[in-house]
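Understanding the architecture of this molecule
Now for the letters of each chain:
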Protein chains: 2
Amino acid sequence: MSEAQTLAEKVFSELATAIVRGELAPGEKLSEQALVTRYGGSRAPIREAIQKLEARNLVVRVPHAGARVVSLSLEELRDIYEVRLELESMACRLAAERMSDADISALEKLLEEHARSIEADQGLSYYQKSGNLDFHYRIIEGSKNSRLHQMLCGDLYHIIRMYRYRTSTSSERPLQALKEHQGIVEAIKSRDPQLAELLMRRHIQVSLTNLETRLAHEARH
Amino acid sequence: MSEAQTLAEKVFSELATAIVRGELAPGEKLSEQALVTRYGGSRAPIREAIQKLEARNLVVRVPHAGARVVSLSLEELRDIYEVRLELESMACRLAAERMSDADISALEKLLEEHARSIEADQGLSYYQKSGNLDFHYRIIEGSKNSRLHQMLCGDLYHIIRMYRYRTSTSSERPLQALKEHQGIVEAIKSRDPQLAELLMRRHIQVSLTNLETRLAHEARH
DNA sequence: TTATTTAGGATTGTCGACAATCTATGTCTG
DNA sequence: CAGACATAGATTGTCGACAATCCTAAATAA
C-alpha cells in the first residue's frame, strides 16, 4: 500500500488491515505488551500506531484503560452510511462539474472493462467487488475536493469495509450495479450535476435501506 | 472545556486553543523540545499531544521533520467550506425530521434571546458570534447523527474558527442572520425537511460565496 | 449468600537517554 | 560565481525502566 518510513507507521498499517479484514474482532482489546511481543520494537511506536488507529476511528481508547477495536452499534453504522450517502452524492455532483474530459473517457474505459469482466465470469464477478470500489473512488477523486476525498477514503471507507460482511449489498447484483454506474457516467458526460447526484444517491441508497431494515429487524429483539 | 485526565490531554487542549486563537501562526513549527520547556513534562506526552492535534487536522506532521501548524491554501479552505455547506444542510434536513418538540421549543427560546440581545446592543452584538455558533450547534445535535456531529463539531469547526479572521461574514449582519435563523426554525417546526435544508444551504452559502470571490481575487496576483 | 473492601497483579502514562535522520553551514570543485 | 558535497549540530524516532492508575480476585462483614 504505502511504504512505511517509520516503525510506528508500519505497525499502524498492519494493524489497520488486520482490523478491516476482521482478524481482530470488534471490541477486542489491544494490549500494548502483546503487540510488542507480536510486532517487535518497543512500546513507544506501538502506542503511536494505536493513536493513529484512534485518529481513523478504528479503535477506541479510554485513558488508563487501553484501546479496543471499535465496535459500532447498528445506529452508529446507520449514521455512517447516512453521511456517506450524502458525501458521495455530493462528490458525484462535483465530479460532473469538474472532471476533465480525459478523466471521463478513462472512466468509460473502466466500465467497459467491468462489462467484459462480468460477461467473462457470468456475474460471479469477484472482480466487481474491488471494481465497485474503484469506480466510486474515481468519482470521489473527480470531485477535486481534497477534504471530501480525505473524509470518504480516509475515514469512512475503512469502517464501511470492516462491517461489509454483515451487509451483503453490491456484490450480489453486479450487472444491475454496472448499469447504474453507466447511467452515472452518462450524466457526468453530459455535464448534468443534478442528475449525476440523483443517480448516485439512488445507487447508494439501497445499501442504506438494506441496513435500516436490518436495524429495524434487530431492534425487535 | 473538558477536564484532562492525563498530561497529554492537557497539553493537547492548551495547544488546540492556542492554534485556534491564532497565538500559534499557521506554518509555525512545533518543536518538541520547546514545548517541553514551555509546558513541562517530558517528550512522551508532548508527542502524544501533537499526534492528537494531527488527528484533528490542526497540525501537519512529516516523518523525521517535525510538526507544523496547518497552513491551508485558499483552495483547501474552499474545499472545507464546501463540505461544511453540504453537511450542515444535511443536518438541518435531518433535524426537521428528528428533533423532538421539546428541542424545537428550546430552539425558539434561544432565538428569542438572540433577538433581545441584538435589540439591546443595537446590532453591535458581540454575543451574536457565539450565539451563531450555538444555533448551528443545536441544529447539528438535532440531526441525531453522532458521526455527523463528530465531523462537523470535532474536525471542521476548529479549522473554520481558526481562519475566521480572514473571512468576515456572519458577525457583520446579525439581524439578517437572525431572520434567516428564524426562517429555518419555522421550517423545522412545520416538519418540512426539504425547506429547512434549502434555507440552511442559502444561509451558509453566503460564507462560501464570500470566500470564493476572495479566492478569485487572490488568484489574480 | 451477597455486597463491600482491600491487597495484588497487570496495564497504561511518563521519564530520561540513545540511535537514526534531517537541516544548515561551510568547503571544495567545476 | 554557482552548485555539489561533506561535516556538525539539532531534531525526531526508539528504547528500557519507573510511577500512577485500573482491574481482578480473595477476604471480610452484614
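So, a few notes on the structure that sits alongside this text. Numbers given to residues run from 1 along each chain, matching the order in which its sequence is written. Each chain gets a letter, beginning with A, and each ligand a number, beginning with 1, in the order they are written. In keeping with the predicted nature of the model, local features appear solely for residues at pLDDT of at least 70, side-chain atom pairs appear and are counted solely at 80 or more, and the whole-chain, interface and lining totals rest on all residues. Side-chain metrics rest on all non-hydrogen atoms present in the structure, leaving aside hydrogens and water.

Side note on the sheet that holds strand β2 (residues 59-62) of chain A
Residue and element names in this part refer to chain A. Convention followed: Two strands make a pair as long as DSSP finds a minimum of two bridges between them. Put simply, DSSP H or I for four residues or longer makes a helix, DSSP E for two residues or longer makes a strand, and each gets a number counted from the N terminus.
Pairing in this open sheet of three strands is antiparallel, and the strands run β1-β3-β2 from one edge to the other. Among the strands making up the open sheet, the edge pair consists of β1 (29-30) and β2. In this structure, β1 lies alongside strand β3 (residues 66-69), joined through two bridges in antiparallel fashion. Along β3, the bridge assignment pairs Lys29 with Arg68.

Points about the relation of the copies chain A and chain B
Test applied: When the copies are superposed, the least-squares fit takes in the C-alpha atoms of residues with a pLDDT of at least 70 in both.
For the match of chain A to chain B, the screw axis carries a shift of 0.0 Å, the RMSD comes to 0.1 Å, and the turn is 180 degrees. In symmetry terms, the pair is related by a two-fold rotation axis. Closest to the rotation axis within chain A is the C-alpha of A:Ala55, separated from it by 2.5 Å.

Let's talk about the protein's contact with DNA strand C
Counted only if it meets this: We call a residue near a molecule or strand when any one of its heavy atoms sits within 4 Å of it. Distance and chemistry together define a polar contact, namely a pair of N or O atoms within 3.5 Å, with one atom able to donate a hydrogen and the other to accept it when in protein, and with adjacent residues in sequence counting only for side-chain atoms on both sides. Under the convention adopted here, Pro, Cys and the residues Ala, Val, Leu, Ile, Met, Phe, Trp and Tyr are nonpolar, Asp, Glu, Lys and Arg are charged, and Gly plus all remaining residues are polar.
Taken together, 19 residues form the shell around DNA strand C, and within it A:Arg43, A:Arg47, B:Thr6, B:Leu7 and B:Ser42 come nearest. Within 4 Å of the protein, the contacting atoms of DNA strand C are 71% sugar and phosphate, with bases supplying the remainder. A:Arg47 has a polar side-chain atom sitting 2.4 Å from a phosphate oxygen of DNA strand C. If you list the elements that add at least two residues to the surface near DNA strand C, you get β1 and α3 (43-55) of chain A together with α1 (7-20) and α3 (43-55) of chain B. Ranked by the residues each element gives to the surface near DNA strand C, the list is headed by α3(B), at three residues. By residue class, the composition of the surface near DNA strand C is six nonpolar, seven polar and six charged.

Observations concerning α3(A)
Residues and elements named next belong to chain A. Put simply, the test is: Multiply 1.5 Å by the residue count of a helix minus one, and that product is the helix's expected span. Exposure classes here rest on a 1.4 Å probe applied to the protein chains alone. A residue is buried below 20% of its type maximum, exposed above 50%, and partly exposed in between.
Between its first and last C-alpha atoms α3 spans 18 Å; for 13 residues at 1.5 Å apiece the expected length is 18 Å, and the two agree. Every buried residue belonging to α3 is among Pro45, Ile46, Glu48, Ala49, Ile50, Gln51 and Leu53, and all of these are buried. A distance of 3.2 Å separates the backbone nitrogen of Ala44 from a side-chain oxygen at the start of α3, and that oxygen is part of Ser42. After α3 finishes, the residue Asn57 shows a positive phi value of roughly 65 degrees.

With respect to unusual backbone geometry
Residues and elements named next belong to chain A. Located in the positive-phi region is Asn57, a residue other than glycine, with phi close to 65 degrees. With respect to the helices, strands and loops of the structure, Asn57 is situated in the loop between α3 and β2. Positive phi outside glycine occurs at His64, with the angle close to 65 degrees. Summarising the element assignment, His64 is placed in the loop between β2 and β3. Given a relative accessible area of 74%, His64 falls into the exposed group.

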